[in-house]
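# Summary of structural features
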Amino acid sequence: MKTEPEAFIRDNTDVLSPPHVPEVRLRLATDAHALWLKTEEELEEIGLPPPFWAFAWAGGQGLARHVLDHPALVAGKSVLDFAGGSGLVGIAASRSGASAVLAADIDPWSETAIRLNGALNGVTVDYTAEDLVGRDAGWDVVLAGDVFYDRAFADGIIPWFTVLAARGATVLVGDPGRAYCPRERMEALATYTVPVTRALEDSEVKKTTVWRFASVKDRGE
């Protein structure tokens, strides 16, 4: 890794509160367009992956809001924050009383972002860079914010989420209307109107739904 992650994150972000989750503080990009272009241009030169960790995406904000408003969903339970990015959802779970929170993201820069953001909120969120798709460590709750933006990725995680739900895990997804969201497999729990960054999205707000993955039994199959 050619660039030191903590120095880069500190130099290119400010401590902000996502608009839909004001009680949480994160290191976020203030100029989304500039940072995204910078990382694209310097991807090969400095070894920096696209900075998904630098933004509070609509799906994550909606899911974090739901967890904070309904702490019984995670209180006293083991939680996986899948594709954790900035750690927003995992931080919300920890603040809501989860007994253990593991954030999984294959981008190694997320490890530093999650550590810094956890410290800002007085919580510790464990991290793994392993690809956990298809694996089951017995988590009570699996949380995933905004993961259905890519067909191949969605095709990989939908069967996994279905299996986890079938064995009794609570699998919750925050989705702002992405094309590959399998709505027919889920139950809608709540909908939020989340302010977003126009530089990265096609609007200034996103209608974000929190879904619960249904097992085959729940769907009557």
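Heads up: the structure comes first, above all this text.
Report on the accompanying structure. What you see is a predicted model, and the numbers here were worked out from it, not measured in a lab.

Given a rise of 1.5 Å per residue, 16 residues ought to cover 22 Å, and the 23 Å separating the end C-alpha atoms of helix α7 (residues 151-166) matches this to within 8%. Among the residues of α7, those classed as buried are Ala154, Ile157, Ile158, Trp160, Phe161, Thr162, Leu164 and Ala165. Contacts made by the buried residues of α7 are with β3 (78-82), β6 (141-145), β7 (170-175) and β9 (205-213). Its side-chain oxygen 3.2 Å from the backbone nitrogen of alanine 152, aspartate 150 forms the N-cap of α7. One or two positions beyond α7, positive phi appears at glycine 168, with a value near 115°.

Tracing the backbone through its elements, the reader meets leucine 68 in helix α4 (residues 58-69). Those residues in contact with leucine 68, other than ones at most four positions away along the chain, are Val21, Glu23, Val24, Ala92, Arg95 and Ser96.

The next subject is the side chain of histidine 66. For histidine 66, the position within the fold is in helix α4. You can call histidine 66 buried: its relative accessible area is 5%. A distance of 2.8 Å separates the side chain of histidine 66 from the side chain of tyrosine 192, its partner in a polar contact. Non-local contacts of histidine 66, meaning those with residues more than four positions away in its chain, are made with Leu73, Leu189, Ala190, Tyr192 and Val210.

Under the counting rule described, the total for this entry stands at nine salt bridges. Glutamate 6 serves as the salt-bridge partner of arginine 10, at 3.0 Å between the closest nitrogen and oxygen. Of this pair, arginine 10 and glutamate 6 both sit in helix α1 (residues 5-12), four residues apart, roughly one helical turn. You can call glutamate 6 partly exposed: its relative accessible area is 22%. Of the charged contacts in the structure, one is a salt bridge between aspartate 175 and arginine 183, with a shortest N-O distance of 3.8 Å. Given a relative accessible area of 35%, arginine 183 falls into the partly exposed group. Salt bridges linked by common partners bring Glu6, Arg10 and Arg115 together as one network.

What follows concerns the nonpolar core. The biggest cluster of nonpolar side chains holds 32 residues, and the ones touching the most others in it are Val24, Val74, Val79, Leu88, Ala93, Val125 and Leu143. At the level of elements, β2 (26-28), α4, α5 (88-95), β4 (100-104), β6 and β8 (186-195) are the ones that each hand at least two residues to this core. Once you skip the residues sitting within four places of it in the chain, leucine 88 turns out to touch Val21, Val24, Leu26, Ala56, Gly60, Gln61 and Ala64. If you look at the next biggest cluster of nonpolar residues, it comprises 23 residues, including Val147, Ala154, Ile157 and Val173.

With that out of the way, let us pick up the sheet that holds β6. Pairing within the open sheet is mixed, and its seven strands lie in the order β5-β4-β3-β6-β7-β9-β8. Two strands in the sheet have a free side with no partner beyond their single neighbour: β5 (126-128) and β8. With direction set aside, neighbouring strand axes in the sheet form an average angle of 20°. The sheet contact formed by β7 and β9 spans four bridges and is antiparallel. Bridge assignment links valine 173 to a residue of β9, and that residue is tryptophan 211. Across the sheet, α4 lies against β6, β7, β8 and β9, angled at about 110° from β8, the strand it touches most.

Definitions and limits used
- Residues numbered from 1 in each chain as written.
- Predicted model: local features only at pLDDT ≥ 70, side-chain atom pairs only at ≥ 80, totals over all residues.
- Heavy atoms only, no water.
- Helix = DSSP H or I, 4+ residues; strand = E, 2+ residues; numbered from the N terminus.
- Expected span 1.5 Å × (residues − 1).
- Buried < 20%, exposed > 50% of the residue type's maximum accessible area, 1.4 Å probe, protein only.
- Contact = heavy atoms within 4.5 Å.
- Polar contact = N/O pair within 3.5 Å; in protein donor to acceptor, adjacent residues only side chain to side chain.
- Salt bridge = Lys/Arg side-chain N within 4 Å of Asp/Glu carboxyl O.
- Core = buried A, V, L, I, M, F, W, Y, C linked by side-chain atoms within 4.5 Å.
- Pairing = 2+ DSSP bridges.
- Axes fitted to C-alpha atoms, helices over the stretch in contact; angles between N-to-C directions.

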